Amino acid sequence: MDKLSSLAKYTASCPFLGRTKTSTLRTLCTSASSRYPSLSKLTEKATRCPVMGPALQVRSGQLVAGYASVAGSAEVNSIHHHKGVFPHPTGGNIEMCPHASKALAAARMAEDLARAKKEKDAKAAAAASAKPSTSKAAAAGCPFHASDVTAEAAKATATAGGFNYDQWYTTELEKKHKDASYRYFNNINRLATKFPIAHTGDPKHEVEVWCANDYLGMGNNPVVLETMHRTLDTYGHGAGGTRNIAGNTGMHLALEEELAQLHRKPAALVFSSCYVANDATLATLGSKLPGCVYFSDAMNHASMIQGMRHSGAKRVIFKHNDLEDLEAKLAQYPKETPKIIAFESVYSMCGSIGPIAEICDLAKQYGALTFLDEVHAVGLYGPHGAGVAEHLDWDAQVRAGNSPEPIKGSVMDRIDIITGTLGKAYGAIGGYIAGSTDFVDTIRSYAAGFIFTTSLPPVNVAGARASISYQREYLGDRQLKQLNVKELKSRFEALDVPVIPGPSHIVPVLVGDAALAKAASDALLANHGVYVQSINYPTVARGEERLRFTVTPGHNLDQITRLAKVVDQTFTELGIKRTSDWKALGGHAGVGMPDAKPVQPIWTDEHLGLASGTAPKLLRAGQKRIIDTRAVRITREKFNDLLGPVDTVASTVGHKQAGHKEVYPMTPSASVHAPTPVAVAA
């Protein structure tokens, strides 16, 4: 009801529209009301206008009546036949019907408008007994006619001769809108018992999530939730202070020990996020090491860039994954000069993987430390989920099991500093560093980002540790995720959908235009119930805008099939370039490049269990994910010292109890051990 382009002609007649900034109107148009989910914030404001309020009521009634008349027409049966919803739309297929879904949306909007009117009338009746003030104050009660009062308030913000702050805000925001880099935040609420399903601002409107960084669905793993409930009951919510003042709990220390063992390093340190971990660590090292020089990959994450800037140290940027360029720049400095090579294992927007072993060779040759960000790799790569550095020595890491002792000469052992997140594959929150004891103690003692912030609540820390512990013991989730990634990439390729080639789990689909990328994201959400966020500048370069899909082990084959179909349809409807189009233009951003060689995934058939016939099966609609009982048992035992043993009779994990509808069937699967079949309730 409130398309921004259609509002312009009313600015002269409506005081509110006339005086409100375009950027503010745009935000109001695109933001859902928290009280009335089917309405935008602008529509909610309009319900309080004496002119627009009644008009909205009339128009919504017309819409509902119009859709009702369509629903009763003789053409409906043929429409339903064509759309596959014959004989009539139901809750499961209503979105496929061209009029029933719109009628449902119109009905929801009518309900919200009626509720808003009822609340407005109630407030007006309550205020009727009070003596009215001046006519100016009365006019101010309507957001569309309160011109005098708000205009005076706006003038007061810019004193005579002072800086016009409001104008500066408006100018800066308008820049973002003009270059289509303004960020819109969708209201998406992931449902624990329906992963990967979420609802929008309207709890009745469910969608499939295809871009979350909860890569393995550990945010709803039953042993993780069980551990968090037990911790919450034992220790409450907040941490109580910084790590130095009442916030250093046994849960924090146990998590750091778990992380150190995961990476086979002597020590680890937990931060409130990995952005903070990277920023604080790099800022501290660069400011303390005399004459330090950073060598930074051109595609490093903003947290690393910011940390290096904050350090004040010199920063030399080398071309992405270009070893020759890196060596040429390292060779310009004496070996005794302190140097740190900062790079990532998996680059999250393009899906490329860093040449870790080769960078370690250069670091040794030129006397540099290695700083490896494994944020988009921990939990997802390696037999125990320690990341790409572990993955590169697969057989040796399997033989070593979960021993905390380093494997001398392995890639992971050669890395000096590893950083990772708890907020992606582990489904929690927080970040960390791992390395030598003295290195970690130095950061603990000097990094302001660690020292002066409240520590994470024990309940979050416990959930993160439970997630890490479970994934160290169970390989099946990582395998199934990669099999799903392989399936989706294959389907996109068959449909000429332009996937940017890469060896990792990231599925970036090139659009090449900011406005089109957002339009595709909006269309997929509005028309097909598919949520995937568009990625624009400055996250990616201008002209390389994309949709970034993330597939989880919780997505089933039917959902993958449907996703490929609706993406193909949306690309056709919006006229977005295909792989063949980019190839005809000479290639762009890795898509359609001449003489391009196929990119081999880092997960081989041996890693996936395909060679041995032990690979997990892709899920079909209605099938539940496997929960490994051995991993559950080991994880529970790790918390016995602080939480006591689990009452397995009363526990919701491992038993189906009254009131627990979701049951996770346990079947044998490929893993680093043989799991035991058992039913597990969510």
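- Named according to an unreviewed UniProt entry, the protein chain is 5-aminolevulinate synthase, mitochondrial originating from Somion occarium.
- Taken directly from UniProt, the Cofactor (unreviewed entry) text for the protein chain runs: "pyridoxal 5'-phosphate".
- In its Catalytic activity (unreviewed entry) section, the UniProt record describing the protein chain reads: "succinyl-CoA + glycine + H(+) = 5-aminolevulinate + CO2 + CoA".

1. A few points about the overall build of the protein chain
Piece 1. If you tally the helices and strands in the protein chain, you get 29 helices and 16 strands.
Piece 2. The buried share of the protein chain, taken over its 682 residues, is 48%.
Piece 3. If you take every contact in the protein chain between residues at least 6 apart in sequence, the share linking residues at least 24 apart comes to 69%.
Piece 4. Carbon and sulfur atoms provide 56% of the accessible area of the protein chain, an area that totals close to 31,300 Å².

2. Section: the sheet that holds strand β14 (residues 546–549)
Piece 1. Reading across from one edge, β11-β14-β13 is the order of the 3 strands in this open sheet, with antiparallel pairing throughout. Of all strands in the sheet, those with a lone pairing partner are β11 (507–510) and β13 (534–535), marking the two edges.
Piece 2. Of the strand pairs in this sheet, β11 and β14 are connected by 4 bridges, and their pairing is antiparallel. For proline 508, the partnering residue across the bridge sits in β14 and is arginine 548.
Piece 3. Across the sheet, helix α24 (residues 514–528) lies against β13 and β14, angled at about 45° from β14, the strand it touches most.

3. Thoughts on a nonpolar patch on the surface
Piece 1. A contiguous nonpolar surface patch, about 490 Å² in accessible area, is contributed by Phe163, Tyr165, Trp168 and Tyr169.
Piece 2. Look at tyrosine 169 and you get partly exposed, because its relative accessible area is 44%.

4. Examining the packing of aromatic side chains
Piece 1. In total, this model carries 9 aromatic pairs according to the counting rule given.
Piece 2. Geometrically, the ring pair formed by phenylalanine 295 and tyrosine 333 is edge-to-face, given 5.7 Å between the ring centres and 85° between the ring planes. Taken together, the positions of phenylalanine 295 in strand β5 (residues 293–297) and tyrosine 333 in the loop between α15 (323–330) and β7 (339–344) put the pair 38 residues apart, joining distant regions of the chain.
Piece 3. Judged by relative accessible area, which is 0%, phenylalanine 295 ranks as buried.

5. A short note on unusual backbone geometry
Piece 1. Going from phenylalanine 195 to proline 196, the amide bond is cis rather than trans, its omega being 5°.
Piece 2. Mapped onto the elements, proline 196 comes out in the loop between β1 (189–190) and β2 (197–199).
Piece 3. Of note, the amide linkage connecting tyrosine 537 to proline 538 takes the cis form, showing an omega dihedral of 10°.
Piece 4. Examined against the element boundaries, proline 538 turns out to sit in the loop between β13 and β14.
Piece 5. A positive phi angle, near 70°, is found at alanine 246, a position not held by glycine.
Piece 6. Within the secondary structure, alanine 246 sits in the loop between α11 (222–235) and α12 (250–262).
Piece 7. Residue aspartate 496 is not a glycine yet carries a positive backbone phi of 65°.
Piece 8. Relative to the assigned elements, aspartate 496 resides in the loop between α23 (476–494) and β11.

6. Focus: α12
Piece 1. The end-to-end C-alpha distance of α12, which contains 13 residues, comes to 18 Å, matching closely the 18 Å that a straight helix rising 1.5 Å per residue would cover.
Piece 2. Sitting at the head of α12, threonine 249 places a side-chain oxygen 3.2 Å from the backbone nitrogen of methionine 251.

7. A look at the sheet that holds strand β4 (residues 267–271)
What links the strands of a sheet is backbone hydrogen bonding, and the strands pair in either a parallel or an antiparallel sense.
Piece 1. The strand order across the open sheet formed by 7 strands is β4-β10-β9-β8-β7-β5-β6, and the pairing between neighbours is mixed. Looking at strand neighbours, the two that pair on one side only are β4 and β6 (314–318), the edges of this open sheet. Sheet twist, expressed as the average angle between the axes of neighbouring strands with direction ignored, equals 20°.
Piece 2. Bridge count between strand β9 (residues 417–421) and strand β10 (residues 431–435): 4 bridges; the pairing is antiparallel. Pairing of glycine 420 across the sheet is with tyrosine 432, part of β10.
Piece 3. This element, α15, spans β5, β6 and β7 of the sheet and lies at about 150° to β6.

So, how was this worked out
- Residues numbered from 1 in each chain as written.
- Predicted model: local features only at pLDDT ≥ 70, side-chain atom pairs only at ≥ 80, totals over all residues.
- Heavy atoms only, no water.
- UniProt positions renumbered as here; feature names shortened; annotations may be inferred.
- Helix = DSSP H or I, 4+ residues; strand = E, 2+ residues; numbered from the N terminus.
- Buried < 20%, exposed > 50% of the residue type's maximum accessible area, 1.4 Å probe, protein only.
- Contact = heavy atoms within 4.5 Å.
- Areas by Shrake-Rupley, 256 points an atom, 1.4 Å probe, with all protein chains shown as cover.
- Pairing = 2+ DSSP bridges.
- Axes fitted to C-alpha atoms, helices over the stretch in contact; angles between N-to-C directions.
- Patch = residues over 30% accessible without salt bridge, like charges linked within 9 Å, V, L, I, M, F, W, Y side chains within 5 Å.
- Salt bridge = Lys/Arg side-chain N within 4 Å of Asp/Glu carboxyl O.
- Phe/Tyr/Trp six-rings, centres within 6.5 Å; stacked < 30°, edge-to-face > 60°.
- Expected span 1.5 Å × (residues − 1).
- Polar contact = N/O pair within 3.5 Å; in protein donor to acceptor, adjacent residues only side chain to side chain.

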